[in-house]
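Coordinate inspection notes
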Amino acid sequence: MFSALVICLVGCGGGTDRASSSTRDSSGIRIVTSTAPAWSTAAGWRVDSTPLLAVGDGARRGDPLLINVVAARFTADGGIVIITTDDAMVRWIDMEGAVRASRGGFGEGPGEFRDLAFVGTRGDSVVLWDGQLGRVSVLTAAPGVTRTFGLQGGDTATAPAFGYAPIGLLDADRLVLAGRRGARSGERSGLRRDSIPFATASMTGTIGPVFALVPGAETVVVSTDQFVTMIPRPFGAQTAVTTDGDDVLISMGDIDEVRHYRPASGLVRIDRVDRPRRLIAPAEIDQQGQRIGAQTAQLPKPVATAILGAMMEAGLPKVYPTYDRILTDVDGNSWLREDIGSERALDEARRWTILDPTGSWLGQVTTPPRFELHEIRRDRILGVWREPNGGEVVQVRRLSR
């Protein structure tokens, strides 16, 4: 049963009272639906075109060479921590852009990695996951490893076939885990979207119960008697996840909404934006098909035939997925990056839909082309700018609200 419908008008950021959002309760779940943004076209937040700080552009002596930056975050002391997978390194950068500490490297010893993935930060500490070694490591700028542990326990009845991987941190010092995906020989080729379980684990690695089961990213399975592989579906829906305090925010990519889960109680809120879906231009669909054909033409004929057959069976969507990434800022606003497909993603400016802490739609913020946003503070953002020659530069830019 639905409770009484509450209609509220939201105006902020220099906008007018043009935006509307409705809130209702359904079986204890709060549903917020917005039909228009609060900001007027001329209002809203702006990202400066010139960076306040750049690391990795070679402008200063000792500037590091950054390749495959998977994460950049602000630290509690005002500096930056940068994680790169090309050399499996973690670098702490001071407020002037100088490297003050480096940890990591390839290997299996304490503080070394085979398959480095970023999980989150706590003050000056960085939490990392190594999928090959199956362990979590906690590093600080000081020499040595603060903590290393594996994952254990959990409900075997709901455990994913390929295990879990930590993907985030909650304020309650718990890891957020997502089920890992994979394919096995003998599976049927074609479009697949697995249900992904989400759970939490303590900072000693003990896995708790599953609190959410949601569709994962759309993939195409290619399976023969000789090989099996999974390929991302072009323009396929992606599952984007982030954390905010003790909540886990999940977007499934096929509907314009974000779901808020609380591990102790499950789904607690759904934020929706009621607007038309964005159509994919026929020329872009044709271009994607030609690119798939050109790529498979370089493979052995049996492999190419299997891939093309599976891709043709899966087909291509007619509309873009909604979002391919979620971030939250220090004030609890949700930033939802609108998906424009992999071919356009690097060279075009990216538009983010902003929802306030109550779930109401504020408006859009645009980030520059070739800039990958990683963290948002009140007056500045942090991300990676990719140079035309392939170089990577970590930048701090001003955010005007």
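Here is a short report on the structure shown in this document. (Residues numbered from 1 in each chain as written. Predicted model: local features only at pLDDT ≥ 70, side-chain atom pairs only at ≥ 80, totals over all residues. Heavy atoms only, no water.)

**Brief notes about the packing of aromatic side chains**
Any pair of aromatic rings gets described here by the distance separating the centres and the angle formed by the planes. Just so we agree on the cut-off: In this scheme Phe, Tyr and Trp rings, the latter by its six-membered ring, pair at centre separations within 6.5 Å, and the angle between planes marks the pair as stacked below 30 degrees, edge-to-face above 60, and tilted otherwise. As a reminder, the over-ring test applies to NZ of lysine and CZ of arginine, requiring each to be within 6 Å of the ring centre and within 35 degrees of the ring normal.
Considering all chains together, one arrives at six aromatic pairs under this definition. Its end group placed over the ring of phenylalanine 371, arginine 397 keeps NZ or CZ at 5.0 Å from the ring centre. A cation over a ring is seen here: arginine 401 above tryptophan 45, with NZ or CZ 4.3 Å from the ring centre.

**With respect to the sheet that holds strand S8 (residues 89–93)**
For clarity, the cut-off: Strand pairing requires that DSSP identify at least two bridges connecting the strands. Segments assigned H or I by DSSP are reported as helices when at least four residues long, segments assigned E as strands when at least two residues long, and all are numbered from the N terminus. In this description, a line fitted to the C-alpha atoms serves as the axis of each element, helices being fitted only across the stretch in contact, and the angle between N-to-C directions of two axes falls anywhere from 0 to 180 degrees.
The four strands are arranged S6-S7-S8-S9 in an open sheet whose pairing can be described as antiparallel. Looking along the sheet, the strands with just one partner apiece sit at the ends: strand S6 (69–74) and strand S9 (99–104). Taken over all neighbouring pairs, the strand axes of this sheet differ in orientation by 15 degrees on average, direction set aside. Pairing geometry for S6 and strand S7 (residues 80–84), over five bridges, is antiparallel. Bridged to alanine 72 within S7 is isoleucine 82.

**Focus: helix H1 (residues 282–296)**
Since there are 3.6 residues in each turn of an α-helix, residues three or four apart along the chain are aligned in direction. Rules: Helices are assigned an expected span. That span is 1.5 Å times one less than the residue count. It only takes one pair of heavy atoms within 4.5 Å for two residues to be counted as in contact.
For H1, built from 15 residues, the straight-helix expectation of 21 Å at 1.5 Å per residue is met to within 8% by its first-to-last C-alpha distance of 21 Å. Taken together, the buried residues of H1 touch helix H2 (301–314).

**Points about the environment of proline 166**
Note the following rule: For the exposure calls, accessible area comes from a 1.4 Å probe over protein chains only, and a residue counts as buried if that area is under 20% of its type's maximum, exposed if over 50%, partly exposed in between.
Within the secondary structure layout, proline 166 lies in strand S15 (residues 164–170). By relative accessible area, proline 166 is classed as buried at 4%. The spacing of proline 166 and glycine 179 is 13 residues in sequence and 8.9 Å in space, taken between C-alpha atoms. Residue contacts for proline 166: discarding those within four places in its chain leaves Val119, Trp129, Val136, Leu151, Leu175, Val176 and Leu177.

**Re the pattern of salt bridges**
Defined as follows: Each salt bridge in this description consists of a side-chain nitrogen of Lys or Arg and a carboxyl oxygen of Asp or Glu lying within 4 Å of one another.
What the rule picks out here adds up to 32 salt bridges. Arginine 192 is paired through a salt bridge with glutamate 187; the nearest N and O atoms lie 2.2 Å apart. Taking the relative accessible area as the measure of exposure, arginine 192 reaches 16% and is therefore buried. Residue arginine 269 is joined to aspartate 271 by a salt bridge in which the shortest nitrogen-to-oxygen separation is 2.8 Å. Pair check on accessibility: arginine 269 and aspartate 271 agree, each one buried.

**Focus: the pairing of strand S18 (residues 195–202)**
Summarising burial for S18: seven of the eight residues are buried, a large majority. Bridge analysis of strand S16 (residues 174–179) against S18 gives five bridges, and the strand direction is antiparallel. Opposite alanine 178, over in S18, you have phenylalanine 198 as the bridge partner. As paired elements, S18 and strand S19 (residues 206–215) share six bridges and run antiparallel to each other.

Note that all results are geometric; they support no functional claim without further evidence.
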